[in-house]
Amino acid sequence: MKTTPDYESLEPGRKLVVFAFLVVTTWYLTWRLGTFNRQALIFSWLLYAAELYGIATTLMHLFMTWRLTVRKAPAAPEGFSVDVFVTTINEPVALVRKTLLAVTAMSYPHETWLLDDGKRPEMEALSRELGCRYLVRDGNQDAKAGNLNNALRHAKGQFVAVFDADHAPKKGFLEKALGYFTDPEVAFVQTPQDFYNLDSFQHHGRHGALAWHEQSVFFRVIQRGKDYWNAAFFCGSCAVLRRSALDAIGGFATGTVTEDLHTSIKIHKKGFRSVYHAESLAFGLAPSEVGSFLNQRVRWGEGAMQVWRKEGVFFCRGLTMAQRINYLASSITYFDGWQKGFFYIIPAIVLLSGVMPITTFGKDFLLHFIPYFLLTFWVFEEVNRGYGRSVTIEQYNMARFAALAWSTLGLFRGKVKFAVTPKGTAPPATTGRLIAPQAVVMGLNCLAIVAGAVLYRLYHHLPQSAFLANLLWAGVNSGLAVAVIRFVSAQGKHRRQDYRFHIPFPAIVQFGDGNKSACTIDDISSAGCRIYTAVPDGTEVGTEVSGALFLPSRSLRFKATVKTVIRGFSGGQQYVKSIGCSFLREGSELDELDRFLYGSDIQWSINHLREAIQTPLELMNLDLSKQENNAGDAESKWNAISYSPADDTHRALGLISARQAGDRQAVATILAYRPLQPGEQLKVDVYGHRGISSLTGSVGRCRRIETPLAPMFSCEFVPATGGAS
């Protein structure tokens, strides 16, 4: 059996950047040894140690990401017995329902178990309704790991798939993962943990086509690099494990609050192999606000420290040297908090005290520091293949530095309580305590700027170059802190309980006057939606509407109540742009909608969302295999259409990109529920808020979009000259 996976290495241009970085870094660090201030040696050594720590973590990162595996899932053999564990303790019933709907719909034969550490009757009823096995236990010993181990005593499958209560898998999840287990040495297959709520705290740039999040580098790059060294680790969800491998280590690892990392290292120490399949196959709920985000990072850090203390990580038997480096890199990263915190206060110390950690800030300093500084950021962008986003990462470093620093104290503390990351999208009422560290950094650096300027003017307590350099440094620190505080404040204004998907649907809607009209539905969840149509006069908050929402597989009848009326102005006149509605839901009538929305990447496919951006080398178009990273602009506006072939009277509902309304000769995009053929002539009626307009034209290139229900088709539409009316 082949054990070395296929991989892609850094391209020649990127290798050249790394080589230049290593040369310049060696030159800089050697020069720095002669710049210590002998009047403040402790200060000087602390700064140098922080720089050495940064270089060490960068070298480990280069080691991990030099080669990235390229996996193609083998076909899943028939006849494997699979148990799927969904763990829950206090998550909302509606959230668990969405996950179970997706889990039970997976195509490979399996048995679904709901493991309820909350012992709630409503969860037992939900399990019965959806045909799942329900399991509880006495007590909650060992938290999630104990819950999983209790299930192992009852389940008998050869393989175990694990999902958190908020992670909804694609229909083909098991089929993509199980084929790797034809290699008897493979103990587990991990897939990325992707997140559907693009308005979460860890998402950035979500208002355009970019859907990057704080864990993009880890799941798109680092895990693939670890995979090459057989060091990718189990992340606690969205994974399949071999039962016999778990039995060999005594089940899921206990005694730490990160059973996933701990289980991984025990499996690797036994000589088993792991696989990281980089395809997005499940989608969960990312922390929606700063509190849950930081609590999650603290738990991860404390768990990593516990694993370090229990297993040794680097100085332990059973791991290869490459695996030790990979696990050390994953554990030591939490000490970034101390390094960043030190960097945030250094300029304030210098400006207020006049004490410098280095003796020169002149031309010699700039000659050595600037190339080193620029190459550090450049290398980060290149080795992370466009997922790095250095400036944004620095904002998240500012947001989490205190949490990471606190978590490292778990190396010395005794038992740490397992804390479940809160699930849901509503933030807490106050966040002042959570951003106190950033407020201190901002206040200290702003004070240092003002006071330092006064001291410099009165006493010239610093050389001019040192004063200006630290003034700039303090300004950058203050700016990062302000950016984090503003971001947290903006997130705090979010109050909606359910994430709304930016996925358009055609629908037929009926208001109280009895008239029916085609419309566009967007901004949708199983709780509500936004409707775009020609709204009758007198429609106001509280008005009830009804209609049929068209999914790829069927139409879904609904009733809703108007909650908001959104108005706009055109030609000096006010009109209703759209109405926000809440569904009047009874029982399971909207389950089909949940099956469509959750456990799929439809919002990425339809809106051309992407995570990576072009790196400097890609922008310079050097010798790289990936020259372009443009995925198109997000299509944020759509209109419902009815269309038919030019020689046929049969009509179907679909959608057309709304930019067509601004330029009738522009190529638009049609979303259809049946295949369209390139060159096919169409007659199209477009339903907007001002009424109906008509177009004729031809179909261009098409692509198929898979959904949990049935495929959709995204096709270019080229209007015929003079075809509009």
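Report on the accompanying structure. This one's a predicted model, so the numbers in the text were calculated from it and none came from an experiment. (Residues numbered from 1 in each chain as written. Predicted model: local features only at pLDDT ≥ 70, side-chain atom pairs only at ≥ 80, totals over all residues. Heavy atoms only, no water.)

### Quick look at the nonpolar core
Counting 46 residues, the largest nonpolar core has Phe 505, Ile 521, Ile 524, Ile 531, Leu 549, Leu 593 and Leu 597 as the members making the most contacts within it. Dropping the residues within four chain positions of it, Ile 531 is found in contact with Val 509, Cys 519, Thr 520, Ile 521, Val 545, Ser 578, Ile 579 and Cys 581. Grouped together as the second largest cluster of nonpolar side chains are 37 residues, Val 17, Ile 55, Phe 343 and Met 356 included. (Core = buried A, V, L, I, M, F, W, Y, C linked by side-chain atoms within 4.5 Å. Buried < 20%, exposed > 50% of the residue type's maximum accessible area, 1.4 Å probe, protein only. Contact = heavy atoms within 4.5 Å.)

### Observations regarding the side chain of Ser 600
When you line up the elements, Ser 600 lands in the loop between helix H17 (591–597) and helix H18 (602–607). Given the relative accessible area of 6%, Ser 600 is considered buried. A distance of 3.4 Å separates a polar atom in the side chain of Ser 600 from the backbone oxygen of Phe 596. Excluding residues that lie within four positions of it along the chain, Ser 600 makes contacts with Lys 170, Phe 283 and Pro 708. (Helix = DSSP H or I, 4+ residues; strand = E, 2+ residues; numbered from the N terminus. Polar contact = N/O pair within 3.5 Å; in protein donor to acceptor, adjacent residues only side chain to side chain.)

### Comments concerning the packing of helix H1 (residues 12–32) against helix H2 (residues 41–65)
Direction vectors running N to C along H1 and H2 enclose 165°, while the axes themselves pass 12 Å from each other. Accordingly, the angle class assigned to the pair H1 and H2 is roughly antiparallel. Judged by the twist between their axes, the crossing of H1 over H2 is left-handed. Touching Val 18, Phe 21, Leu 22, Thr 25, Tyr 28, Leu 29 and Arg 32 of H1 are Ser 44, Leu 47, Tyr 48, Glu 51, Leu 52, Ile 55, Thr 58, Leu 59 and Leu 62, all from H2. (Axes fitted to C-alpha atoms, helices over the stretch in contact; angles between N-to-C directions. Parallel < 35°, antiparallel > 145°, perpendicular 65-115°, else oblique. Left-handed = near helix turned anticlockwise from the far one by under 90°.)

### As for the pattern of salt bridges
Counted according to the given criterion, the structure contains 27 salt bridges. Linking Lys 269 and Glu 311 is a salt bridge whose minimum nitrogen-to-oxygen distance equals 2.8 Å. In this pair, Lys 269 is assigned in helix H9 (residues 259–269) and Glu 311 in helix H10 (residues 290–311), connecting sequence segments 42 residues apart. Judged by its relative accessible area of 14%, Glu 311 is buried. For Arg 701, the salt bridge identified is with Glu 716, shortest N-O distance 2.7 Å. Here Arg 701 is found in strand S25 (residues 691–705), whereas its partner Glu 716 is found in strand S26 (residues 712–719), with 15 residues between them in sequence. Residue classification places Glu 716 among the partly exposed positions, given a relative accessible area of 26%. Within this structure, Glu 11, Arg 14, Glu 382 and Glu 618 form a network of salt bridges that share partners. (Salt bridge = Lys/Arg side-chain N within 4 Å of Asp/Glu carboxyl O.)

### Here's the deal with the packing of H9 against H10
Taken N-terminus to C-terminus, the directions of H9 and H10 make an angle of 30°; their axes are 9 Å apart at the nearest point. By the angle between their axes, H9 is roughly parallel relative to H10. Of the two possible hands of crossing, H9 and H10 adopt the one that is right-handed. Residues Leu 261, His 262, Ile 265, Lys 266 and Lys 269 of H9 form the contact with H10, whose own contacting residues are Ala 304, Val 307, Lys 310 and Glu 311. Residues that form the contact of H9 with H10 fall into these classes: four nonpolar, one polar and four charged. (Nonpolar A, V, L, I, M, F, W, Y, C, P; charged D, E, K, R; others polar.)

### Considerations on the packing of aromatic side chains
Applying the stated criterion across every chain, the model contains 42 aromatic pairs. When the ring of Phe 36 is compared with that of Trp 45, the centres are 4.7 Å apart and the planes differ by 90°; the resulting orientation is edge-to-face. Considering the side-chain rings of Phe 343 and Trp 473, the 6.4 Å spacing of their centres and the 55° angle between planes classify their relative orientation as tilted. Here the residue Phe 343 occupies a position in helix H12 (residues 336–353), and Trp 473 occupies one in helix H16 (residues 464–492), the gap between them amounting to 130 residues. By relative accessible area, Phe 343 is classed as buried at 19%. Here Trp 473 falls in the partly exposed class, since its relative accessible area comes to 27%. In this structure an aromatic cluster arises from ring pairing among Tyr 28, Trp 31, Phe 361, Phe 365, Phe 369, Tyr 372, Phe 373 and Phe 377. The ring of Trp 212 has Arg 389 sitting right over it, with the charged end atom 5.4 Å from the ring centre. (Phe/Tyr/Trp six-rings, centres within 6.5 Å; stacked < 30°, edge-to-face > 60°. Lys NZ or Arg CZ within 6 Å of the ring centre and 35° of its normal.)

Read these as layout, nothing more, since geometry by itself doesn't imply function.
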